[in-house]
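Structural overview
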Amino acid sequence: QTSLEIRHLVKRYANADKPVLDDISFDVPHGKVFVIVGPSGSGKSTLLRTIAGLEPIQGGTIALNGEIIETGKPGTESAGRSKRGSELRTRVGMVFQSYDLFPNKTVLGNITLAPTLVQKRDKAEVEKEAIALLERVGLADRKDAWPHELSGGQRQRVAICRALILHPEVLLFDEVTAALDPEMVREVLDVMLELADSGQTMLIVTHEMQFARAIADQVIMLEDGGIVEQSDDAEAFFTN
Ligand code: ADP
Ligand code: ADP
């Protein structure tokens, strides 16, 4: 079963003379982990943002579990976010390089906001699940802390919980350890490895090559907005 199906995706930024992503196609099977590599400026971050619905696309389609959730339309270069509705938006989760926690909400408040507000789920049930997720990432004792009281590594683990509580079909990670001190990188990567073991479908942009080699089922290499290589042998890919 295919979780994510990208077909002929074209993405253009306003006032750019050529597309930043040009005719991208790939399938992510359910429960698999794709790692996206490529030089700076090749379009990795943009690709994740279009899949998350943060950027409109100008050509092609994005389908989730066989349902088309995004169809490219020319002329939408300056349209801000894609038109995807909030229900569909919650089905693709994303964690960013910069911890984007709400500074005026506690750890628990950060995690429970979207499920109660957007998904209208029961508050007590959501809090119970939030605490279980915090336990899973080793932060149960920090549930009442404020974001500024946490280390970068702890904030990223909270950001992962905030994405997970929406039960996303696909979870996207954009350089989530790039801004962390080295000693905090491991604790975040360990959480991602555990998620992979649990069968979470993920797309990961990372510069941690040892980690990429360990976690990837598939590696996609982007160059200048196109896929130049795709491999299902991460070991061989990262060894060469
Ligand atoms: P990567 O993640 O591989 O470093 P990006 O997706 O960030 O690549 O960027 C790909 C290209 O798109 C770069 O040339 C970058 O300058 C350009 N770009 C990124 N964001 C924007 C934007 N909001 N507006 C215009 N150009 C952008
Ligand atoms: P890291 O712990 O990965 O180095 P940072 O460099 O972002 O994370 O932060 C270093 C320390 O500064 C953290 O322990 C955090 O508590 C504090 N800090 C970072 N950003 C803020 C902020 N916006 N407000 C208050 N404290 C912050």
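Residues numbered from 1 in each chain as written. Chains lettered and ligands numbered in written order. Predicted model: local features only at pLDDT ≥ 70, side-chain atom pairs only at ≥ 80, totals over all residues. Heavy atoms only, no water.

What follows is about the pattern of salt bridges. For the coordinates displayed, the defined rule picks out 16 salt bridges. In this structure, the salt-bridge partner of Lys123 is Glu127, at a minimum N-O distance of 3.7 Å. With Lys123 and Glu127 both in helix α4 (residues 123-136), this residue pair falls 4 residues apart, about one helical turn. Since its relative accessible area comes to 26%, Glu127 is described here as partly exposed. As a salt-bridge pair, Glu194 and Arg136 come within 3.1 Å of each other at their nearest N and O atoms. Here the residue Glu194 occupies a position in helix α6 (residues 182-197), and Arg136 occupies one in helix α4, the gap between them amounting to 58 residues. (Salt bridge = Lys/Arg side-chain N within 4 Å of Asp/Glu carboxyl O. Helix = DSSP H or I, 4+ residues; strand = E, 2+ residues; numbered from the N terminus. Buried < 20%, exposed > 50% of the residue type's maximum accessible area, 1.4 Å probe, protein only.)

Once that is clear, we can look at the site of ligand 2. With respect to spatial proximity, the complete set of residues near ligand 2 consists of Tyr99, His148, Leu150, Ser151, Gly152, Arg155, Leu180, Asp181 and Met184. Within the backbone of Gly152, a nitrogen or oxygen atom sits 3.0 Å from an oxygen atom of ligand 2. Take Asp181: an N or O atom from its side chain is 2.9 Å from an oxygen atom of ligand 2. Bound to the protein, ligand 2 loses 47% of the 530 Å² it would expose on its own. (Near = heavy atom within 4 Å. Polar contact = N/O pair within 3.5 Å; in protein donor to acceptor, adjacent residues only side chain to side chain. Areas by Shrake-Rupley, 256 points an atom, 1.4 Å probe, with all protein chains shown as cover.)

Time to look at the sheet that holds strand β9 (residues 218-223). Pairing within the open sheet is mixed, and its 6 strands lie in the order β6-β7-β8-β3-β9-β10. For this open sheet the edge positions go to β6 (92-95) and β10 (226-231), each flanked by a neighbour on one side alone. Each strand axis lies, on average, 20 degrees off the axis of its neighbour in the sheet, ignoring direction. Where β6 meets strand β7 (residues 170-174), 4 bridges bridge the pair, whose relative direction is parallel. Each bridged residue has a counterpart across the sheet, and for Val92 the counterpart in β7 is Val170. (Pairing = 2+ DSSP bridges. Axes fitted to C-alpha atoms, helices over the stretch in contact; angles between N-to-C directions.)

What follows deals with the site of ligand 1. Near ligand 1 the following residues occur: Tyr13, Val20, Pro39, Ser40, Gly41, Ser42, Gly43, Lys44, Ser45 and Thr46. Tyr13 places a polar side-chain atom, nitrogen or oxygen, 3.3 Å from a nitrogen atom of ligand 1. At a separation of 3.2 Å, an oxygen atom of ligand 1 approaches a polar backbone atom of Ser42. Taking 560 Å² as the accessible area of ligand 1 by itself, protein coverage stands at 52%.

In this section: α4. Residues spaced three or four apart along an α-helix face the same direction, because each turn holds 3.6 residues. With 14 residues, α4 extends 20 Å from end C-alpha to end C-alpha; this agrees with the ideal 20 Å at 1.5 Å per step. Within α4, the full set of buried residues consists of Val126, Glu129, Ala130, Leu133 and Leu134. Within α4, the buried residues cover an arc of 145 degrees as seen down the axis, which keeps them to one side. With respect to the buried face of α4, the exposed residues turned more than 90 degrees away are Ala124, Lys128 and Glu135. Positioned one or two residues after α4, Gly138 has a phi angle of 75 degrees, which is positive. (Expected span 1.5 Å × (residues − 1). Arc of directions from axis to C-beta.)

This part takes up the sheet that holds strand β2 (residues 21-29). Ordered by their spatial adjacency, 4 strands build an open sheet running β2-β1-β4-β5, and the pairing between neighbours is antiparallel. For this open sheet the edge positions go to β2 and β5 (67-71), each flanked by a neighbour on one side alone. Pairwise comparison of adjacent strand axes, ignoring direction, gives a mean angle of 15 degrees for this sheet. Bridge count for strand β4 (residues 59-64) against β5 is 4 bridges, and the pairing is antiparallel. Its bridge partner lying in β5, Leu64 is registered against Glu67.

What follows concerns the packing of aromatic side chains. Think of a pair of aromatic rings as described by two things: how far the centres are apart, and how the planes are tilted against each other in angle. Counting across every chain of the model gives 2 aromatic pairs. Taking the centre distance of 6.0 Å and the plane angle of 25 degrees together, the rings of Phe26 and Phe34 count as stacked. Accessibility assignment for this pair places Phe26 and Phe34 in one class, buried. On the numbers, 5.0 Å between centres and 75 degrees between planes, the contact of Phe237 with Phe238 is edge-to-face. Arg162 extends its terminal NZ or CZ atom over the ring of Phe102, reaching a point 5.0 Å from the ring centre. (Phe/Tyr/Trp six-rings, centres within 6.5 Å; stacked < 30°, edge-to-face > 60°. Lys NZ or Arg CZ within 6 Å of the ring centre and 35° of its normal.)

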